[in-house]
Amino acid sequence: MVSRWNNIALRPGGAIDAGTLAGAQLTVRGSESGVHDGAVSLSRDAKTILFVAQSPFAPGETVEVSLGGGVRTRAGEEIPPLAFGFTVATGDPAE
């Protein structure tokens, strides 16, 4: 049960080439709120991709996250596609 205000962090392993983030095929879709736009950035340690949604998720919904091709490590290896989901808490900690 994740807060509807949470950011999403992906840590696929290894240092990521920041120049490849612009081509990242990252999709975040809520079962009620639909596709979420947001900002994608790289953490200071260059190992974690951060996604900050422009709007919060709906309480109680299921969110599916997928990362397609396009992101590479500093060694030039492509990060394999990945997908996962989570459920948003029904209560809102901001309230």
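Residues numbered from 1 in each chain as written. Predicted model: local features only at pLDDT ≥ 70, side-chain atom pairs only at ≥ 80, totals over all residues. Heavy atoms only, no water.

Visitor: It is not clear to me how the pairing of strand E5 (residues 49–53) should be interpreted in this structure. Could you clarify?
Guide: Across a regular strand the side chains alternate sides, sitting on one face of the sheet and then on the other. Judged by which residues are buried, E5 turns out to be one-sided: Ile49, Phe51 and Ala53 face inward and are buried, whereas Leu50 and Val52, on the alternate face, are not. Both strand E1 (residues 8–10) and E5 contribute to a ladder of three bridges, which runs antiparallel. The residue of E5 that forms the bridge with Leu10 is Ile49. Bridge count between strand E4 (residues 38–42) and E5: five bridges; the pairing is antiparallel. Within E5, the residue paired with Gly38 across the bridge is Ala53. What sits between E4 and E5 in their antiparallel hairpin is a turn of six residues, with Ala46 showing a positive phi close to 65°. (Buried < 20%, exposed > 50% of the residue type's maximum accessible area, 1.4 Å probe, protein only. Helix = DSSP H or I, 4+ residues; strand = E, 2+ residues; numbered from the N terminus. Pairing = 2+ DSSP bridges.)

Visitor: Can you walk me through the confidence of the model for the protein chain in this structure?
Guide: Where the model shows low pLDDT, its predicted coordinates should not be examined in detail. Summary statistics for the protein chain give a mean pLDDT of 92 and a share of 96% for residues scoring 70 or more. Predicted confidence in the protein chain is weakest over E4, with a mean pLDDT of 94, and strongest over strand E3 (residues 34–35), with 98. (pLDDT = per-residue confidence, 0-100.)

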